[in-house]
Amino acid sequence: MKKSVFFGALTVAGLAAGAAAAGTLDDVKARGQLRCGVTTGLVGFAAPDANGKWDGFDVGVCRAVAAAVLGDGDAVEFVPTTGKTRFTALASGEIDMLARNTTWTFSRDVDLKFEFVGVNYYDGQGFMVPKELGVSSAKELDGATVCIQTGTTTELNLADFFRTNNISYEPVPVETNAEIQQQYLAGACDVYTTDASGLAATRATFEDPSAHVVLPEIISKEPLGPLVRHGDNEWGDVVRWTLNALIASEELGITSANIAEMAAGTNNPEINRLLGTEGSLGEMLGLDAGWAKAAIMVGGNYGELFEKNIGSASPVGLARGLNAQWTDGGLLYAPPFR
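Definitions and limits used
Residue positions within a chain follow its written sequence, with the count starting from 1. It should be noted that, the model being predicted, local features are given only for residues of pLDDT at least 70 and side-chain atom pairs only at 80 or more, the latter also being counted only at that level, while totals for whole chains, interfaces and linings use all residues. Calculation of side-chain values draws on the structure's entire complement of heavy atoms; hydrogens and water are dropped beforehand. Only buried residues count toward a nonpolar core. Its members are Ala, Val, Leu, Ile, Met, Phe, Trp, Tyr and Cys residues joined through side-chain atoms within 4.5 Å. Only protein chains enter the accessibility calculation, which uses a 1.4 Å probe. A residue is then buried if its area is under 20% of the maximum for its type, exposed if over 50%, and partly exposed in between. Strands here mean DSSP runs of E at least two residues long; helices mean DSSP runs of H or I at least four residues long; both are numbered from the N terminus. Between two residues, a contact is recorded if the distance between any of their heavy atoms is within 4.5 Å. A score from 0 to 100, pLDDT tells how confident the predictor is in each residue. Any two cysteine sulfur atoms lying within 2.5 Å of each other are counted as a disulfide. Note on definitions: salt bridges are taken to be side-chain nitrogens of Lys or Arg within 4 Å of carboxyl oxygens of Asp or Glu.

(A) Geometry of the nonpolar core. Membership of the largest hydrophobic core comes to 60 residues, with the highest contact counts inside it found for Leu34, Met97, Trp235, Leu275 and Trp291. Per element, the largest residue contribution to this core is 9 residues, and it comes from helix H3 (residues 57–70). Aside from chain neighbours lying at most four places away, what touches Trp291 is Ala68, Trp241, Thr242, Ala245, Leu281, Gly282, Leu285 and Phe337. Core analysis: the second largest hydrophobic core is formed by 14 residues, Phe127, Val135, Val146 and Ile148 among them.

(B) Broad picture of the confidence of the model for the protein. The pLDDT averaged across the protein works out to 92; a share of 93% of its residues lies at or above 70. Overall, residues 1–11 carries pLDDT values under 50, and its contacts beyond four positions in sequence, including any with other chains, amount to 47 contacts. Confidence over residues 16–21 falls short of pLDDT 50; this stretch has 14 contacts with residues more than four positions distant or in other chains.

(C) Inspection of the state of the cysteines at higher detail. On inspection of all chains with the given rule, the structure shows 2 disulfides. Take the cysteines of the protein that form disulfides and number them in order along the sequence; they join up as 1-2, 3-4.

(D) Layout of the pattern of salt bridges. A complete count under the given rule lists 6 salt bridges for this structure. The salt bridge involving Arg63 is made with Asp74; its shortest N-O contact spans 3.2 Å. Separated by 11 residues along the polypeptide, Arg63 in helix H3 and Asp74 in the loop between H3 and strand S4 (76–81) bring together distant segments of the chain. Residue classification places Arg63 among the buried residues on the basis of a relative accessible area of 10%. Residue Asp74 is classed as exposed on the basis of its relative accessible area of 52%. With its nearest N and O atoms 2.9 Å apart, the salt bridge here joins Arg240 to Asp237. Taken together, the residues span about one helical turn, with Arg240 and Asp237 both in helix H9 (residues 233–251) at a distance of 3 residues. Judged by its relative accessible area of 32%, Asp237 is partly exposed. Taken together, the salt bridges that share partners define one network made up of Glu115, Asp237 and Arg240.

Printed below as a string of structure tokens:
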């Protein structure tokens, strides 16, 4: 979700500069565990099951990085973070990377001294209301109470939309998604606004999802992706190219079912380079030749992760849309592995 913190920017930037100097790749290898910051709980993206095991679309990225670096997708400590705490956790070195539906913005990249390694979900801010309100457009929300998550840029997007449309609203600030869900269902607010993917994930947990409507308006661009600290380029490359490996493997037809066969060698040089049977891409990253194969085997390629956790057949029920491969009319595109 669109979390940006302008207050305390200098403090966060200072923490980031100090933590980056340590060399995160070496730290993770020495520790034998990746520390990955995630949300406090959002079904389909990152949430613990009844046994405390974390699963979800963002969690899949964390596990892929752990497998690429350590050869074990379970060698991850998942650190729950809120909109307010996530950037401090990353800047201070408490976590090695953040994979928490976080929007790539100028200020986070430049002012807060973080580096977004790519986009794993193209999103936009939307609105959800109880069906019984009889509202079919966000432009009909004049005077509504609106639940918004603190520590986010949701407030600014919301204020701009209502001002542009000359309507008023009363904000109801809440810190976590779980709290917003409780407040919204209790009637403390008429509307819940956040990324459309977050609305779909939250709605899927309701006893009667059909009693709630996600309105058609999308009022912002929200490119969500994993991020690391500025100044630690080797680690940034590892996380970036692990994400790219998941995206490229879908385009190249590499799946969790056929990867063992393809890793034995194919007629496609890019597949061979990606899976380590040709070239020295792993060595360039400071990893072994099978790094990408290990990353893909944990949960499959990008498409497999998407469909399992948030796709049309999952409880969240999201269509690929902008998140389809570029060959299918979407925005998903990985640079060449050469």
